[in-house]
Every structure is written in C-alpha cells, then in structure tokens.
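The residues making up each chain are set out below.
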Amino acid sequence: MLNRVRSAVAHLVSSGGAPPPRPKSPDLPNSTSAPPAAPPQAPRSPPARAGSGSAAPAKTVEARASFSRPTFLQLSPGGLRRADDHAGRAVQSPPDTGRRLPWSTGYAEVINAGKSRHNEDQACCEVVYVEGRRSVSGAPREPSQGQGLCFYYWGLFDGHAGGRAAEMASRLLHRHIREQLKDLVEILQDPSPPPLCLPSTPGAPGSSDSSHLVGPQSCWSSQKEVTHESLVVGAIENAFQLMDEQMARERRGHQVEGGCCALVVVYLLGKVAIIVRNGEIIPMSREFTPETERQRLQTLGFLKPELLGGEFTHLEFPRRVQPKELGQRMLYRDQNMTGWAYKKIELEDLRFPLVCGEGKKARMMATIGVTRGLGDHNLRVCSSTLPIKPFLSSFPEVRVYDLTQYEHCPDDVLVLGTDGLWDVTSDCEVAATVDRVLSAYEPNDPSRYTALAQALVLGARGTPRDRGWRLPNNKLGSGDDISVFVIPLGGPGSYS
C-alpha cells in the first residue's frame, strides 16, 4: 500500500492566550533588508514585475507592486498578468527548464474566481544552510571546526484580509527557523544527550558565579530526558512566534495587514517535521477551528473576562439565547465540558457567544473562522474596537515523520494544499488522482510530480460553465486560491 500524507493549511497551535514577548533574533534582517550570505540554496529567480518599465501613474505602480507570486515560478510580465486573471484562472507551475525544485517537488497554483483582488496564497521552497553560532564549550566556532547543517523547507501560506502577511511569512519564516537552529548545530551532530545549559558568553549578564543561588542537590536528583528531536521542534515553535512578533512590529511601516495560516515542512537529519491541519491517508494532523478549539478559547475567556469586553459570553449554547428565555433552563457547556447540561438563563447569557456556528460557518467572536495563524494584529470584532488577537495563537503543532524508518517507492508522496484544494476534494479523490497520474509516467521521470500537482489543482478548480466553475459532478468547484506542493518521500536526489 502506498504511504501518502495529506496536509492542509496549518491552523497554528498553542495552549491559549497571547504569548509573552521574546527577544528579537539579532541576526535576522528586517523584511525590507537583503538576505544574509549563505551557502547555496534552492535556485530562485528574480521577482517577476508587472510593469514594462515605462512611466505610469503612482497608484498603478503601487497596485502592481503589491501583487507578487513565488519567484521559483519565474513568471514574465505577461505570465504575471495571466496568473492574476480571475476569468481565465490559468494554472501556474515552474517552467520545465531542467532546474527543478528540491527533491523534484511538483508545484501548481491558480488564482481565486473573484473572491479577492489578487491571489492571497504564497509559497516557498528552499534548501537552507545553517552555520553554528558558537561551540558548546562557549568559544566562537572556528571555520575548520565541524560543518553546518542543511535543511529542506517547503511552505504554503494562505492569506486572509489581504496577502501581505502571507507574502512576508513566505520570505522570512525559514530565516527565523535558521536563526533558531544556529545554537543547535554542534549539539545535533553529537549523538550524546543535549547539554542542560549552554555556557554564557564571558562578560554577558548572568555570566558571573551564581552558585550561591543553587538549592540543595537533593531537590534536583533527577533530570528530564530531552531529545535532539525536541530541540528542533522547539526551534520551529520559537521561529513561528518570532515571525508573528516581527509582523506586529512592522505592520504599520510596511502595511502588513490581515493574517495567514501556514503549512510548513522541514526535512532535517533524516526526519520531516510537518506543521499540518488535517490528515489522511496517513493521519498526521488535526483541524484547528473555533469548534475544535472551543475549550481553549472558552478557558481564556473565563480566566480573562476583560478580553470579552462585556459583549461576549464564554459559555456555548446550541443557539443564541433570546430575552424571553430568561429564567428558563437551557442546554449549555463551558470550558471544562465535552457534553451538555442544563442551566438557568441569566442576563449575562444574552451576550453573543464567543464561539458560534458549526463546520465552515463556525466563527470566533462572530468574525473569524481560524484560531491559529500569523498576523491579524489589527483585527477587531465587527462594528467594535474589541481586539481578536489575544485569542489567536501563533504556535504551530509539529508532528515528526521519520523517513529513515520506512522504504518509500517513487509513488509515495506528501501532498500539501491550501483550503482551496481540501474544501472540495476528499482524501479518497486525492489518492485516486495520485494513482491515475503517477501510473502514466515512468518512475524515474521527475516531471510526474508537477503533473500531479497540476491535476490536483485542475480537479479542484473545475471548468467554467454558465454559473461559475463546476466539477464533473456539476457541484461548484473551488472559488478560492488553490496552491499545491507534491513532495516525493524518497528524499533528495532519489528520482531526479
């Protein structure tokens, strides 16, 4: 049986509430600065420009400059205009020029059917080199001491309320991950357990003798086991939070409005860390919505009622409570309950519920249908000044899949897709498309994965008919932006 993984947009994970501030990575450039020098990464082309170089009104130039697509698509000005055409909705893929994405990854995308002005999805595919910041002994690393690490990186970013947050995350998130891994290079290359503490830099705050602060040794008779894998997971989690904090700092100067959900795959030392939303055929994830995160959101509203602004109740009812029902007993559930019980309706229960609706119509604070993501620092409740960001989390859920523990054939793939794919395509339909498309190509043909990505996008988009885009069963196709990566699980260089 083929091992395939379905992944969709990562609705990011945390235990609740706004996280405490963290120090900014000192070496990470601003979103407007040039990237630091590094050993070779995946080939990237110059960004495509919509203008031809002739003079144009300032508003036109600004409007065109705000629209960008992944540089690995290598779109010409004409190609960029076709990619922005809501009527034609032409599928875009990297050109077949011999230079392929890492692992012969396939990619395809298509713009929405008019839902937003531009395509708000973004994508990134890189090979990133990490050079150690210092040795475990605390001494600066000499160039001849050991080697750095490379990791492979794929990212899909599904923007909402504008595409700026997704575009910014696609350029910078992998660089935040690199910064967080710099202290771990030597540790990850050493098979012994990670050190409990890293030496302080001489002269730095906290580097003086603090032995007088240590309590009796008997209180610390045992030590938790920390694995190398958990260090990488922690680095990725910190990178997401730092990315969100950078968006908060720069949202005014660079007009980073809106937010985005993120789906990221990192391959490092034989393992794939997958930030996912929902998974089949191999389950790798779970979905994060106001429904699935109801108890986390309710707990935060219960502990910090000031975040509800007197406009919402943290309790959930099967429907909106009516004034005429005051004093009656109605079904409800709070942050501790998975089942339902009856309670006497009081005046406070007439407030709008923190979580309402179900399925795709579920909303938090009657405004947003996602509960985890990057950005959204300016988001307010509709017709109110009440901020929503305190309920949104930037922490990802990280699952690890060890590629070295399985033998993968050329037909074993990891499918990453934004909501535009999964809203109209089931797991079984994706599996059938994988079988149909890959069986038509030789196993060593690297173009088969791009063909598969294109087939998945076309299958979700449908064809234009009298009343919009339709699937073969005459149901509505996806009117959303659709972006798909197909990654062969055989790893780098296996099938190219």
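Residues numbered from 1 in each chain as written. Predicted model: local features only at pLDDT ≥ 70, side-chain atom pairs only at ≥ 80, totals over all residues. Heavy atoms only, no water.

As annotated in an unreviewed UniProt entry, the protein chain carries the name Protein phosphatase 1J isoform X2 and comes from Balaenoptera musculus.

## Notes on the overall build of the protein chain
Scanning the protein chain for helices and strands turns up nine helices and 18 strands. When each of the 496 residues of the protein chain is scored for burial, the buried share is 50%. Of the contacts formed within the protein chain by residues at least 6 apart in sequence, a portion of 74% connects residues at least 24 apart. (Helix = DSSP H or I, 4+ residues; strand = E, 2+ residues; numbered from the N terminus. Buried < 20%, exposed > 50% of the residue type's maximum accessible area, 1.4 Å probe, protein only. Contact = heavy atoms within 4.5 Å.)

## Describing the packing of aromatic side chains
What the rule picks out here adds up to nine aromatic pairs. Judged by centre distance (6.4 Å) and plane angle (20°), the rings of Tyr152 and Trp154 are stacked. Residue classification places Tyr152 among the buried residues on the basis of a relative accessible area of 19%. Grouping aromatic residues by their ring pairs yields a cluster made of Trp103, Tyr152, Trp154 and Tyr267. Here Arg89 stacks its cationic end above the ring of Trp469, 5.1 Å away from the centre of that ring. (Phe/Tyr/Trp six-rings, centres within 6.5 Å; stacked < 30°, edge-to-face > 60°. Lys NZ or Arg CZ within 6 Å of the ring centre and 35° of its normal.)

## Focus: the nonpolar core
Membership of the largest hydrophobic core comes to 35 residues, with the highest contact counts inside it found for Phe151, Tyr153 and Phe157. Secondary-structure elements contributing two or more residues to this core are β3 (121-130), β4 (149-160), α3 (164-181), α4 (185-189), α5 (228-250) and β5 (259-268). With residues up to four places along the chain from it excluded, the contact list for Tyr153 reads Cys124, Cys125, Glu126, Leu173, His174, Ile177, Val264, Val265 and Val266. Counting 26 residues, the second largest nonpolar core, distinct from the first, contains Ala83, Val127, Val272 and Ile487. (Core = buried A, V, L, I, M, F, W, Y, C linked by side-chain atoms within 4.5 Å.)

## Structural notes on unusual backbone geometry
Although it is not a glycine, Ala161 sits at a positive phi angle of roughly 60°. Positionally, Ala161 belongs in the loop between β4 and α3. Judged by relative accessible area, Ala161 falls into the exposed class, the value being 63%.

## A word on the pairing of strand β8 (residues 329-332)
Only one face of β8 is covered, namely the one carrying Met330 and Tyr332; the face carrying Arg329 and Leu331 has none of its residues buried. With four bridges joining them, β8 and strand β9 (residues 341-344) adopt antiparallel strand pairing. Considered in β9, the bridge of Tyr332 is made with Ala341. (Pairing = 2+ DSSP bridges.)

## Thoughts on the side chain of Asn112
One can find Asn112 in the loop between β2 (106-110) and β3. Polar contacts involving the side chain of Asn112 include one to the side chain of Asp481, which spans 2.7 Å. Not counting residues up to four positions away in its chain, the partners in contact with Asn112 are His86, Arg89, His118, Asn119, Gly479, Asp480 and Asp481. (Polar contact = N/O pair within 3.5 Å; in protein donor to acceptor, adjacent residues only side chain to side chain.)

## A few points about the side chain of Arg69
Turning to its location among the elements, Arg69 is positioned in the loop between α1 (58-65) and α2 (77-83). At a separation of 3.4 Å, a polar atom in the side chain of Arg69 contacts the main-chain carbonyl oxygen of Asn119. What Arg69 contacts, discounting residues up to four positions off in sequence, is Leu75, Leu80, Glu109, Asn119, Asp121 and Gln122.

## Quick notes on the packing of helix α8 (residues 427-438) against helix α9 (residues 448-461)
Contact geometry for α8 and α9: axes closest at 10 Å, N-to-C directions at 140°. Comparing the axis directions of α8 and α9 gives the class oblique. In this structure, the crossing between α8 and α9 has a hand that is right-handed. The residues of α9 that touch α8, namely those facing Val430, Thr433, Val434, Arg436, Val437 and Leu438, are Arg448, Tyr449, Ala451, Leu452, Ala455 and Leu456. (Axes fitted to C-alpha atoms, helices over the stretch in contact; angles between N-to-C directions. Parallel < 35°, antiparallel > 145°, perpendicular 65-115°, else oblique. Left-handed = near helix turned anticlockwise from the far one by under 90°.)

## Quick notes on helix α6 (residues 294-303)
Burial in α6 covers these residues: Arg294, Arg296, Leu297, Gln298, Leu300 and Gly301. In this fold, the buried residues of α6 make contact with β11 (355-356) and β12 (363-364).

## Here's the deal with the pattern of salt bridges
Pairing between side chains becomes possible if they bear opposite charge and their charged atoms approach one another. If you walk through the whole model with that rule in mind, you get 15 salt bridges. Taking the shortest distance from any N to any O, the salt bridge between Lys182 and Glu179 comes out at 3.0 Å. Comparing Lys182 with Glu179 shows no difference in burial state: the two are buried. Between Arg372 and Glu293 there is a salt bridge, and its shortest N-O distance comes to 1.8 Å. Here Arg372 is found in the loop between β12 and β13 (374-375), whereas its partner Glu293 is found in the loop between β6 (271-275) and α6, with 79 residues between them in sequence. With respect to class, Arg372 is no different from Glu293; both count as buried. Members of the salt-bridge network, linked through shared partners, are Glu293, Arg296 and Arg372. (Salt bridge = Lys/Arg side-chain N within 4 Å of Asp/Glu carboxyl O.)

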